[in-house]
Every structure is written in structure tokens, then in C-alpha cells.
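# Remarks on the overall topology
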Amino acid sequence: MSQIENITLKKKGHKGLQRLFFTLLCLGMLLPISIASAQKKGKSGGKKDSFVLVLDAGHGGKDTGAVGNGGREKDINLKVALATGEIIKERYPEVKVLYTRSDDTFIGLQQRANFANRNRANLFMSVHTNSAQSSSAAGTETYVLGLWRTEDNLRVAMKENESILLEDNYERTYQGFDPSSSESYIMFEMMQNVHQDKSIRLAQAVQSKLAKLPTSDRGVRQAGFLVIRETAMPSILIEVGFISNKQEAEFLLSRDGQNRLAQAIADGFASYYEAYNKSKAL
């Protein structure tokens with residue numbers, strides 16, 4: 001290598017070092033600005049984590065749920081749940097609304113709870129349609145997890161929990177739980193639900209709006225529903241009416257009835273959600 005070539009390479013090396021030094025210097029100057037910008041964004045709140053609501057349309061697919069007066073529970077549940085979600089999304093764009101099912105699909109009760117937990121939902125609301133041996137039974141009611149309290153509450157829970165019999169390996173999934181045995185429900189007496197208070201507040205908010213509809217107000221109740229047993233957030237189960245009651249079935253199967261039910265549920269959510277936002281602002 002000639003002396004001239006050696007000097008040229010040294011100059012190129014010096015220029016490379018100069019570029020590297022200049023780059024590091026710029027990064028050093030910009031880094032504090034970036035950190036300050038991030039800290040400023042953090043103090044101002046930045047982009048808030050979205051509030052996640054999971055709407056669960058009970059039953060579906062091979063599980064029709066209650067049937068009566070020309071209608072099927074699974075269809076009513078889905079239409080009301082989807083309509084509720086649309087109202088909430090339009091009113092509160094910042095709320096992330098998710099559905100356990102958006103079509104006529106069979107989904108196990110445990111899968112529904114797992115879906116809500118996996119998506120870190122803030123609330124879980126399950127929509128169902130009631131049925132009874134007496135055709136005179138009517139009205140809306142909203143449930144939270146707890147003791148069945150009355151034989152009527154136990155009957156409703158047993159009816160809804162029968163869905164697990166259509167699942168593969170349900171004995172293993174639900175650890176031997178028998179939905180038709182009252183003894184299996186004794187476990188709920190010993191369970192500690194850390195979200196009980198919030199669940200009750202949500203249930204009261206929703207039921208207060210449903211009570212304004214032209215049907216009986218059956219109030220807020222407690223029962224051992226499997227679908228809300230495994231959810232890690234405030235959860236409720238709504239019975240929008242009795243398909244076994246001819247007059248009420250007409251309301252449940254009509255578009256107007258489904259929209260009014262959806263509006264009532266959405267209004268109940270709104271009451272809870274706005275109170276939730278106020279409490280966070282304090």
C-alpha cells in the first residue's frame with residue numbers, strides 16, 4: 001500500500017468517526033426532548049385505555065334456549081344484544097363493544113367468560129329470554145351472581161345452565177357441576193365475588209330502565225348462573241321477558257320491542273358508565 005493510499009484511508013477513517021460523533025451528539029440532544037415529550041403526554045393523560053364492554057347473546061346454534069309462541073330465545077337474545085351494542089357505540093365512540101357471538105353460533109358458557117377475561121373487559125352483560133310453565137308469568141329481571149334466594153330464581157338458573165349439557169367434556173370443564181341438582185348450587189353460598197357491589201349497581205341501573213317498559217318489573221335478583229361465575233369483572237344477566245307469555249312474546253319478537261329493550265339496556269349502561277367516569281375523575 002502506498003503512503004498516499006494510507007493517508008487517504010486515515011482521512012476516511014477520521015471522517016467516519018466525525019460522522020459517528022455528530023450522530024451521537026444529536027441523539028444526546030434529542031433524547032431529553034423525547035423523554036420530556038413522553039412525560040408531558042403521560043401527565044396530560046395521553047390516550048386512555050378504552051373501556052371494554054362485552055355483550056353476550058345467550059344460547060345460539062344447536063342451543064335454541066327457550067321456545068314458545070313462534071319464537072326462539074337465541075334469536076331474540078342476538079337481536080337485542082346487537083342492537084344494544086350499536087346504540088352504545090354511537091353514543092360513546094370511546095367504548096369498545098365486543099360480542100361473544102354476532103351470529104347463530106354455539107358457544108360454551110366457559111368460552112363466553114374466557115372471551116371477556118381475555119379481552120380484559122370492564123363489564124359483561126348477558127342477554128337472555130325467560131320462560132315458565134305458567135303462561136301468565138311476565139316481566140323483566142336482572143341477575144347478579146349469588147344465592148338463588150327463592151325457588152323461582154333457582155329454576156331460572158337451572159334452565160339457563162342446561163346449556164352446558166350440549167358442550168363436549170362438560171363434566172371436566174365445570175368440575176362435575178350438575179345444572180339440574182340443587183346441591184351443585186350450594187357452592188355459590190361460599191363464593192366471594194369481589195365485583196359484587198359494582199355488579200349490583202349495574203344491575204340496578206339496567207333494571208330501572210327496563211322497569212319503564214310496558215311489562216312487569218321483577219327487580220334485581222341473585223342466582224347461580226355459570227356464565228357470570230367465571231368472569232373477572234362486574235357481570236349481570238338480563239332476562240328481557242317471557243317467551244311463554246303470548247302477549248309478551250309478541251313484544252319480544254317485534255322489531256319495535258327489541259329496539260325498546262336494547263334502548264333500555266343501553267340507557268342502563270349509560271347511567272353506570274357516566275357514574276364510573278365521574279368516580280375516576282375525583
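Residues numbered from 1 in each chain as written. Predicted model: local features only at pLDDT ≥ 70, side-chain atom pairs only at ≥ 80, totals over all residues. Heavy atoms only, no water.

## Here we look at helix α2 (residues 73-91)
Over its 19 residues, α2 extends 27 Å from the first C-alpha to the last, a length consistent with the 27 Å expected when each residue adds 1.5 Å. Along α2, the residues that are buried comprise Glu-73, Lys-74, Ile-76, Asn-77, Leu-78, Val-80, Ala-81, Ala-83, Thr-84, Gly-85 and Ile-88. (Helix = DSSP H or I, 4+ residues; strand = E, 2+ residues; numbered from the N terminus. Expected span 1.5 Å × (residues − 1). Buried < 20%, exposed > 50% of the residue type's maximum accessible area, 1.4 Å probe, protein only.)

## Some points on the nonpolar core
The biggest cluster of nonpolar side chains holds 38 residues, and the ones touching the most others in it are Leu-53, Val-95, Met-125 and Phe-269. Not counting chain neighbours up to four residues away, the residues in contact with Met-125 comprise Leu-53, Val-54, Leu-55, Asp-56, Leu-202, Val-206, Ile-236, Ile-265 and Phe-269. (Core = buried A, V, L, I, M, F, W, Y, C linked by side-chain atoms within 4.5 Å. Contact = heavy atoms within 4.5 Å.)

## What about the environment of Ser-254?
Secondary-structure assignment places Ser-254 in the loop between α8 (246-253) and α9 (255-281). Overall, the relative accessible area of 24% leaves Ser-254 in the partly exposed class. Separated by 178 residues in the primary sequence, Ser-254 and Ile-76 have C-alpha atoms spaced 9.3 Å apart. Polar contacts involving the side chain of Ser-254 include one to the main-chain carbonyl oxygen of Phe-251, which spans 2.9 Å. (Polar contact = N/O pair within 3.5 Å; in protein donor to acceptor, adjacent residues only side chain to side chain.)

## Some thoughts on the packing of aromatic side chains
Following the criterion strictly, the structure yields 8 aromatic pairs and no others. Their ring planes at 15 degrees and their centres at 5.4 Å tell us that Phe-269 and Tyr-273 sit as a pair that is stacked. Here Tyr-273 and Phe-269 lie together in helix α9, a separation of 4 residues that amounts to about one turn. Assigned by exposure class, Phe-269 and Tyr-273 land together as buried. Arranged with centres 6.5 Å apart and planes meeting at 15 degrees, the rings of Tyr-273 and Tyr-276 form a pair that is stacked. Taken as a pair, Tyr-273 and Tyr-276 lie in helix α9 at a separation of 3 residues, close to a single helical turn. The class for Tyr-273 is buried, based on a relative accessible area of 4%. A connected cluster of aromatic rings, assembled from ring pairs, spans Phe-51, Tyr-92, Phe-269, Tyr-273 and Tyr-276. (Phe/Tyr/Trp six-rings, centres within 6.5 Å; stacked < 30°, edge-to-face > 60°.)

## Considerations on the sheet that holds strand β8 (residues 235-242)
With respect to topology, 6 strands assemble into an open sheet ordered β4-β1-β5-β8-β6-β7, the strand pairing being mixed. This sheet does not close on itself; its edge strands, each paired only once, are β4 (95-99) and β7 (217-223). When strand polarity is set aside, the average angle formed by the axes of neighbouring strands in this sheet is 20 degrees. Examined bridge by bridge, strand β1 (residues 51-57) and β4 share 5 bridges and lie parallel to one another. Note that in β4 the partner of Val-52 across the bridge is Lys-96. Running over the sheet, helix α7 (residues 196-210) touches β5 (123-130), β6 (140-145), β7 and β8 and is turned about 175 degrees from β6. (Pairing = 2+ DSSP bridges. Axes fitted to C-alpha atoms, helices over the stretch in contact; angles between N-to-C directions.)

## Remarks on the packing of α2 against α9
Running from N to C, α2 and α9 point in directions that differ by 45 degrees, and their axes come no closer than 8 Å. Here α2 is positioned oblique relative to α9, judged by the angle of their axes. Considering how the two elements wind past one another, α2 and α9 form a crossing that is right-handed. Here Lys-79, Val-80, Ala-83, Thr-84, Ile-87, Ile-88 and Arg-91 of α2 lie close against α9, whose contacting residues are Gln-258, Asn-259, Leu-261, Ala-262, Gln-263, Ile-265, Ala-266, Asp-267, Phe-269, Ala-270 and Glu-274. Taken together, the residues of the contact of α2 with α9 break down into 10 nonpolar, 4 polar and 4 charged. (Parallel < 35°, antiparallel > 145°, perpendicular 65-115°, else oblique. Left-handed = near helix turned anticlockwise from the far one by under 90°. Nonpolar A, V, L, I, M, F, W, Y, C, P; charged D, E, K, R; others polar.)

## Considerations on α8
Every buried residue of α8 is listed here: Glu-248, Ala-249, Phe-251 and Leu-252. Summarising the axial view, the buried residues of α8 lie within an arc of 160 degrees, below the 170-degree limit, and thus occupy one face. Pointing more than 90 degrees away from the buried face of α8 are the exposed residues Lys-246, Gln-247 and Glu-250. Next to the buried residues of α8 lie α2, β5, β8 and α9. Looking at where α8 begins, the residue whose side-chain oxygen comes 3.1 Å from the main-chain nitrogen of Gln-247 is Asn-245. (Arc of directions from axis to C-beta.)

## Section: the side chain of Asn-130
Checked against the element boundaries, Asn-130 lands in strand β5. With residues near it in sequence (within four places) discarded, Asn-130 still touches Ala-66, Glu-141, Arg-155, Val-156, Glu-239, Gly-241, Phe-242, Ile-243 and Ser-244.

## Looking at unusual backbone geometry
Unusually for a residue other than glycine, His-59 sits at a positive phi of about 65 degrees. Along the polypeptide, His-59 turns up in the loop between β1 and β2 (67-68). Of the residues examined, His-59 reaches a relative accessible area of 4% and is grouped as buried.

## What about the pattern of salt bridges?
By the definition in use, this model includes 10 salt bridges. The shortest N-O distance in the salt bridge between Glu-86 and Lys-89 comes to 3.0 Å. One end of the pair, Glu-86, and the other, Lys-89, are both in helix α2, 3 residues apart, so they sit about a helical turn from each other. In this structure Glu-86 comes out as partly exposed when scored by relative accessible area, which is 45%. With a shortest N-O distance of 3.5 Å, Arg-221 and Glu-141 are connected by a salt bridge. Of this pair, Arg-221 sits in strand β7 while Glu-141 sits in strand β6, and the two are 80 residues apart along the sequence. As far as the burial class goes, Arg-221 and Glu-141 line up, both buried. Salt bridges here are not isolated pairs; linked through shared partners, they connect Arg-91, Asp-267 and Glu-274. (Salt bridge = Lys/Arg side-chain N within 4 Å of Asp/Glu carboxyl O.)

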